[in-house]
Amino acid sequence: MDAILSKGSLASLATVATVLQFLTGTVICNRYIRKKSTGDTSAFPFISGFLSCFMWLKYGVLTEESTLILVNFIGSALFFSYAVVFFIFCVNKREVIRQMMLISCIILSATFYTMFESDVEKSIRIIGLLCCCLAVLFFASPLTTLAHVIRTQNTDSLPFPIIVASFFVCFLWTAYGVMIGDRFIQVPNLLGGILAGIQLTLYVIYPKKKASASGPRYSPLVSENPIL
């Protein structure tokens, strides 16, 4: 009984924390709407987030894991909405369409595979491996600014609150994966936590410098062009 309660409590905590993490995208989209532009930001975090959530939703359906189904149904809807907002206000719509067509091919291929594969266990393994790869890709998306951070020795372009949230969310899902004995949940979230930890160490290596009282003050680039 205690084990069931522990599993239920951990599942609820992981669900709430993950949905709150997903909702941070509304802040970014609100800025796009106010500015009527996405600036020089990329749609990749939103599009990769949608693909990752959709595939985890499919994995949850295959494994009949209700927690995964709930979280990733919400995540899929949110990230799709974010991608639509980005598309409306971006300049390079052709690039966004190209990325959407690419993930559509992946989704359709996975869907047809699960429809025609008679071995359910094999389907679970294949989709699970795909989810692992996509999850690591999603967690590592802020690392696209790593070269810029090292070159400028400035961490303003890294989304600190989102990275911290990712670290704790990955910890919760790793614990949940261990509890239900699912390595496809354990491994990518453990790697995601490590990647988030690496990004957090950049704040230690390159701490933010306080602006001089007598010198000019500049607004950080992240306030203008936040990166998810």
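Residues numbered from 1 in each chain as written. Predicted model: local features only at pLDDT ≥ 70, side-chain atom pairs only at ≥ 80, totals over all residues. Heavy atoms only, no water.

### Digging into the packing of aromatic side chains
Right, on to step 1. Evaluated as defined, the whole model comprises eleven aromatic pairs.
Right, on to step 2. Ring geometry for tyrosine 32 and phenylalanine 86: centres 5.6 Å apart, planes at 80 degrees, overall edge-to-face. Taken together, the positions of tyrosine 32 in helix α1 (residues 2–35) and phenylalanine 86 in helix α3 (residues 66–89) put the pair 54 residues apart, joining distant regions of the chain. There is no split in this pair, since tyrosine 32 and phenylalanine 86 are both buried.
Right, on to step 3. Through pairs of rings, three or more aromatic residues link up here, namely Phe22, Tyr32, Phe46, Phe79, Tyr82 and Phe86.
Right, on to step 4. Sitting above the plane of the phenylalanine 87 ring, lysine 93 keeps its charged end 5.5 Å from the centroid. (Phe/Tyr/Trp six-rings, centres within 6.5 Å; stacked < 30°, edge-to-face > 60°. Helix = DSSP H or I, 4+ residues; strand = E, 2+ residues; numbered from the N terminus. Buried < 20%, exposed > 50% of the residue type's maximum accessible area, 1.4 Å probe, protein only. Lys NZ or Arg CZ within 6 Å of the ring centre and 35° of its normal.)

### Side note on the side chain of asparagine 72
Right, on to step 1. Positionally, asparagine 72 belongs in helix α3.
Right, on to step 2. In this structure asparagine 72 comes out as buried when scored by relative accessible area, which is 6%.
Right, on to step 3. A distance of 2.8 Å separates a polar atom in the side chain of asparagine 72 from the backbone oxygen of leucine 68.
Right, on to step 4. Here asparagine 72 is in contact with Cys53, Trp56 and Leu57, once residues within four sequence places are set aside. (Polar contact = N/O pair within 3.5 Å; in protein donor to acceptor, adjacent residues only side chain to side chain. Contact = heavy atoms within 4.5 Å.)

### Considering the pattern of salt bridges
Right, on to step 1. Inspection of the entire model under this criterion finds one salt bridge.
Right, on to step 2. Note that arginine 98 is salt-bridged to glutamate 95, the shortest N-O span being 2.6 Å. Taken as a pair, arginine 98 and glutamate 95 lie in helix α4 (residues 93–116) at a separation of three residues, close to a single helical turn.
Right, on to step 3. According to the relative accessible area criterion, arginine 98 is partly exposed, its value standing at 48%. (Salt bridge = Lys/Arg side-chain N within 4 Å of Asp/Glu carboxyl O.)

### Describing the packing of helix α2 (residues 44–63) against α3
Right, on to step 1. Two numbers describe how α2 lies on α3: the axes approach to 8 Å, and their chain directions differ by 155 degrees. Looking at the two axes, α2 sits roughly antiparallel to α3. The two elements α2 and α3 cross, and the hand of that crossing is left-handed. Only Leu68, Ile69, Asn72, Phe73, Gly75, Ser76, Phe79, Phe80, Tyr82, Ala83 and Phe86 of α3 make contact with α2, whose side of the interface consists of Pro45, Phe46, Ile47, Gly49, Phe50, Cys53, Phe54, Trp56, Leu57, Tyr59, Gly60 and Val61.
Right, on to step 2. Residue composition of the contact of α2 with α3, grouped by class: 18 nonpolar, five polar and no charged. (Axes fitted to C-alpha atoms, helices over the stretch in contact; angles between N-to-C directions. Parallel < 35°, antiparallel > 145°, perpendicular 65-115°, else oblique. Left-handed = near helix turned anticlockwise from the far one by under 90°. Nonpolar A, V, L, I, M, F, W, Y, C, P; charged D, E, K, R; others polar.)

### So, the environment of asparagine 189
Right, on to step 1. Mapped onto the fold, asparagine 189 is located in helix α8 (residues 183–205).
Right, on to step 2. Each C-alpha atom of the pair asparagine 189 and threonine 174 lies 5.4 Å from the other, and the pair is 15 residues apart in sequence.
Right, on to step 3. Of note is the side chain of asparagine 189, whose polar atom sits 2.8 Å from the backbone oxygen of isoleucine 185.

### Quick notes on the packing of helix α7 (residues 160–180) against α8
Think of two packed helices as two axes; the pair is described by the angle between the axes and how far apart they sit.
Right, on to step 1. Between α7 and α8, whose axes approach to 8 Å, the crossing angle comes to 155 degrees. By the angle class used here, α7 and α8 are roughly antiparallel. The element α7 and its partner α8 pack so that their crossing is left-handed. Only Ile185, Gln186, Asn189, Leu190, Gly192, Gly193, Ala196, Gly197, Gln199, Leu200 and Tyr203 of α8 make contact with α7, whose side of the interface consists of Phe160, Ile163, Val164, Ser166, Phe167, Cys170, Trp173, Thr174, Gly177, Val178 and Ile180.

### Let's talk about the confidence of the model for the protein
Right, on to step 1. Overall, the prediction assigns the protein a mean pLDDT of 82, with 83% of residues at 70 or greater.
Right, on to step 2. The lowest-confidence element of the protein is helix α9 (residues 221–224), averaging 38 in pLDDT; the highest-confidence one is α3, averaging 94. (pLDDT = per-residue confidence, 0-100.)

### Things to note about the nonpolar core
Right, on to step 1. Phe46, Met55, Trp56, Tyr59, Phe79, Phe86 and Trp173 are the most contacted members of the largest nonpolar core, which totals 43 residues.
Right, on to step 2. Counting residues per element, the ones that place at least two in this core are α1, α2, α3, α4, α5 (120–139), α7 and α8.
Right, on to step 3. Counting residues per element, this core draws most heavily on α3, at nine residues.
Right, on to step 4. Leaving out residues up to four positions away in the same chain, tyrosine 59 has contacts with Leu68, Ile124, Ile127, Gly128, Cys131, Asp182 and Phe184. (Core = buried A, V, L, I, M, F, W, Y, C linked by side-chain atoms within 4.5 Å.)

### Let's talk about α2
Right, on to step 1. Here α2 spans 28 Å end to end across 20 residues, near enough to the 28 Å set by a 1.5 Å rise per residue.
Right, on to step 2. Burial runs high along α2: 15 of the 20 residues are buried.
Right, on to step 3. Where α2 terminates, the next one or two residues include glutamate 64, which has phi positive at roughly 60 degrees. (Expected span 1.5 Å × (residues − 1).)

### Some thoughts on the environment of leucine 23
Right, on to step 1. Among the structural elements, leucine 23 can be located in helix α1.
Right, on to step 2. Distance in space between the C-alpha atoms of leucine 23 and leucine 78 is 7.5 Å, their sequence separation being 55 residues.
Right, on to step 3. Residues in contact with leucine 23, not counting those within four places in the same chain, are Leu78 and Tyr82.

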